[in-house]
Each structure stands twice: as C-alpha cells, then as structure tokens.
Amino acid sequence: MRYIILFLIFVALGGLTIFLSKKSQPQETSPVPELETQANITYAIPEQPTTTQQTNVGPTSTQATSTAADTEPKNNTPSQEPETAPNIPTQTLPEALTTPVVVEPESEPEPEPIVIPPPAPKKISWGVFTGSNQGSLNEFESRVDTNPDYLAWFVHWGNHGGELPSYVKEYAYEKDRTLVLFWEASDYIIGGTDQPAYAYRRILDGAWDDYIYDFKQQLTDYEGPVILIPFSELNGDWTPWSGTENGNTPEQAVEAFRYLHDRMADAPNISFGWAVNRMSVPNTYENRIERYYPGDAYVDYIGVDGFNKGNPWLTFEDIFAAPLTTLAQYKKPTFIFSFGSAPGPQKAQWLEDAFYKTLPQFPHVIAWVYFNQNKERNWLLWSDPASFAVFEEYISD
C-alpha cells in the first residue's frame, strides 16, 4: 500500500511539472499582415514564416525565435531607423516594394515634319523669231496670246537695201518688245561663204562705212530698244563672215566687231550682243569660241545658238551645257539667242526639260529666243499639240 501511495504522488508531481513547464513557454501566434508606411507610400507587408536563429548569449547557445513583428518600427518618425533586437537581422523588403514608382506623363506624339517643296524653277524672259514677214508675225499672234519680251529679226547687208522694214516698229517697239537684230554681212541671194565684198578686211578698210552710218540712223529713228548682233555664229564655217572662211581670221573677226561697236555704240537705244554657235566648226583649238570674244568693253549681252536636228536626237542639255559653261567665264547677261527642235514624239519632253530642268542650272541665262520657222526642219512650236502645250504653260503668268 505504501508503494502504491508513493507511485501516485510521483505521477502527480510529474504531471504538475509538465503543466508548469508548458505554462512558462511563450505561445506561438500567426503574424497578421500589417501595413508599413514609408515616405508617405503605403505597402502591404507579406506574411513571413517563423524563422529560427541561433543566438549566442554568454557561453551557451539558446534557440531564439523571431517573427516579422520584431522588425516593425517603434515610432512614425521618418528620420529614425527601425529598431531591431540585438544581432537579429532586419527583414528587407523587395526593391520593387521600397522604390517609389514615378509615373511619367504620357508624351504627346511628335508632329509630322513639314515638308517644304523646292521652289519652282524661275521662269525667264523669252522671245521669238516668227519669220521676216508680216504674215508670219500675224500667224504667231493669232495663236499665242502672251506678249513676248523679245522679237528677233534678220537684216542682211546685201538685200533689200540692208534696211530695217518700217513695220517692224509696229510689231516690236509699239508692243513693248525689245528687238533682237541679227545684222548679217552677206547677200543671201548669192549664198555660200565666198563673198569677198563682205570679208572682214573690206569692212576694216572702210568700204562699208557709209552703210554703217546709215543703218545707225535707221535704228536711232526706230527709237525702241535694240540688241544688235553682228556676225552671229562666227565660229561656224557656213557664212561669209565665218572666222575660217572668205579669207577671214578670228583676229579680224574680233577687230571688225569692235569697229562696228565704236561707230554705233553712242546711239542711245543700241546695245551690242555677241552670239556664237554651240560648237566651233571646224572644232579645233585655233577656232575655239574664246578666240572670238571682243572684250567686255564691247559687249553688253552674250549668247549661243543651237538646234536639235533630230539625227541623232540631242537633248537641250546635250546642245547647250558645254557652251553655256564656257560663256559663264565672261560674267555677262546671257541669252539662248536662237534655238529649236525637230519634230517628233519626244519634242514636248525636249521643251519641258529645256525650260524646267536645264535652263535653271545656268542662272546667268536671262532669256531665250525660239526660232519658230518651218525651214530646214519643222521647228514650229505647234508642230504637235503636246509641244505647243508645254510652250504655252511656260509662258503663261
């Protein structure tokens, strides 16, 4: 019996010990997610699992239990760091939660670039040779409403008394057109280059002085502005005044040009023009264009003649780019004094390229004069409707 009583006392003491042991241990609780405020930005702190950390306290080791609640700041003062238990690392929030999100304002789409088209090619003054008779003048005016700036005319020393017809004044000066006058030392009835009476040596000998004076008086009486062009295309080989024909030389050509200038330049309405062919014939160094230039003091305008005869087909640029480049060195107002194209399906494009593509490349060119005749070729601007339309579009205001 005594033993039974002792056993029961032992069991009761053991149970009491276990009860008191459990009573003294802290109760584990599940952390409740809380909100942490930092720099006025609110984040939800995710639930953290309980971790067990080995803690050295004195000479022995004990198990320390920490929860997310241990890292909570002790006050709301922004300038103080959160308090932590000694040697217990602070729970670090992910960078994505601690970095404020800066919302950039939505940028407006960039405006479309403004495309400024290149300026339209500058239109230059223009003129025409319609033929040396009133009928051709009237036909042109019946077809073309726009008034040309220049009217071209030819006077031959040996024909019709070498005179300027009186009716020219009505078609040129009285209609506000400058007269471009090709003054040619020849007799076209005789024809050819062998006309000794018109050789440069005869002009320089004074054989034509009376006529020169008389013609000067004709132009003075005409009153209107005149661009007088003696010896046009003198670097070719098809006229009595050619520099390589009829006993002439380029030096004599220059001297004769100056001779005429000195006897006529004092007329108030006369300016002097110098016109070469687009290429020298013969095309030799001795016959090059530069050998025929009279000098700046003797020339007011310079220019060039050239034609697309159609076989082979030559563009306006093919014809004029080289001579216009040569003439640019003289720094004088420049004309295309006479030009034209043979007929054909390409003629309209030929004119369009001339007006809008090639001529704008040569700013020293101030005017052109079209040779509107059905002669060696049908040069007429209305040889086909498309060509005439290109011409009319260019001259329209």
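For the structure, check the block above.
One numbering rule holds for all chains: residues counted from 1, following each sequence as written. The predicted nature of this model means local features are confined to residues of pLDDT at least 70 and side-chain atom pairs, given and counted, to a pLDDT of 80 or more, with totals for whole chains, interfaces and linings taken over all residues. Based on all heavy atoms of the structure, the side-chain values leave hydrogens and waters out of the count.

Turning next to the sheet that holds strand E5 (residues 125–129). The strand order E5-E6-E7-E8-E9-E10-E11-E12 describes a closed barrel built from eight strands, whose pairing is parallel. Averaged over all neighbouring strand pairs, the angle between strand axes comes to 30 degrees, with direction disregarded. Note on pairing: two strands pair once DSSP finds at least 2 bridges between them. In this description a helix means any DSSP run of H or I spanning at least four residues, a strand means any run of E spanning at least two, and both kinds are numbered starting from the N terminus. Relative to strand E9 (residues 270–277), strand E8 (residues 226–230) is paired through three bridges, and the arrangement is parallel. Considered in E9, the bridge of Leu228 is made with Phe272. Should any heavy atoms of two residues lie within 4.5 Å, those residues are considered in contact. Interaxial angles span 0 to 180 degrees and are taken between N-to-C directions of axes, which are lines fitted to C-alpha atoms, for helices over the stretch in contact. Relative to the sheet, helix H9 (residues 347–358) contacts strand E10 (301–308), strand E11 (334–341) and strand E12 (365–371), its axis offset from that of E11 by approximately 170 degrees.

Bringing the pattern of salt bridges into the picture now. Salt bridges, as used here, are contacts in which a Lys or Arg side-chain nitrogen is within 4 Å of a carboxyl oxygen on Asp or Glu. Scanning the entire structure with this criterion turns up seven salt bridges. Of the charged contacts in the structure, one is a salt bridge between Arg143 and Glu139, with a shortest N-O distance of 3.5 Å. Residue Arg143 and its partner Glu139 are both found in helix H3 (residues 134–143); the two are separated by four residues, about one turn of the helix. Between Lys175 and Glu141 there is a salt bridge, and its shortest N-O distance comes to 2.9 Å. On the criterion of sequence distance, the pair formed by Lys175 in the loop between helix H4 (168–171) and strand E7 (178–184) and Glu141 in helix H3 is long-range, its members being 34 residues apart. Judged by relative accessible area, which is 29%, Lys175 ranks as partly exposed. Beyond isolated ion pairs, a larger network of salt bridges with shared partners links Glu141, Lys175 and Arg177. Here's how the labels work: a residue is buried when its accessible area is under 20% of the maximum for its type, exposed when over 50%, partly exposed in between, all with a 1.4 Å probe on protein chains only.

What follows covers the packing of helix H8 (residues 316–327) against H9. Remark: H8 packs on H9, axes separated minimally by 10 Å, with the N-to-C direction vectors making an angle of 40 degrees. Each of Phe316, Glu317 and Ile319 in H8 lies in contact with H9, whose residues at this interface are Trp350, Ala354, Lys357 and Thr358.

As for its placement among the helices and strands, Thr130 is situated in the loop between E5 and H3. On the basis of relative accessibility, which here comes to 5%, the residue Thr130 falls in the buried class. In contact with Thr130, other than residues within four places in its own chain, are Ser136, Leu137, Phe140, Asn372 and Gln373.

Let's shift gears to the packing of H9 against helix H10 (residues 385–395). Following both chains from N to C, one finds H9 and H10 inclined at 20 degrees, their axes separated by 7 Å at the closest point. Classified by the interaxial angle, the pair formed by H9 and H10 is roughly parallel. Between H9 and H10 lies a crossing of right-handed hand. Residue-level contacts link Lys347, Ala348, Leu351, Glu352, Phe355 and Tyr356 of H9 to Ala386, Ser387, Val390, Phe391, Glu393 and Tyr394 of H10. Polarity classes work like this: nonpolar for Ala, Val, Leu, Ile, Met, Phe, Trp, Tyr, Cys and Pro, charged for Asp, Glu, Lys and Arg, and polar for all others, with Gly in that last group. Considering only residue class, the contact of H9 with H10 consists of eight nonpolar, one polar and three charged. Each angle gets one of four labels, with under 35 degrees taken as roughly parallel, over 145 as roughly antiparallel, 65 to 115 as roughly perpendicular, and the rest as oblique. Less than a right angle of anticlockwise turn of the near helix away from the far helix marks a crossing as left-handed, whereas a clockwise turn marks it as right-handed.

That bond from Val281 to Pro282 is cis: its omega, 0 degrees, falls within 30 degrees of zero. Considering the arrangement of structural elements, one finds Pro282 in the loop between E9 and E10. Here Asn311 and Pro312 are connected by a cis peptide whose omega angle stands at 5 degrees. For Pro312, the location among the structural elements is in the loop between E10 and H8. Not every positive phi belongs to a glycine, and Asp176 is a case in point at roughly 60 degrees. Within the element layout of this structure, Asp176 appears in the loop between H4 and E7. The phi angle at Asn246 is positive, at roughly 60 degrees, despite the residue not being glycine. Among the structural elements, Asn246 can be located in the loop between E8 and helix H7 (250–264). Judged by relative accessible area, which is 11%, Asn246 ranks as buried.

In short, shape yes, function no, at least from these values alone.
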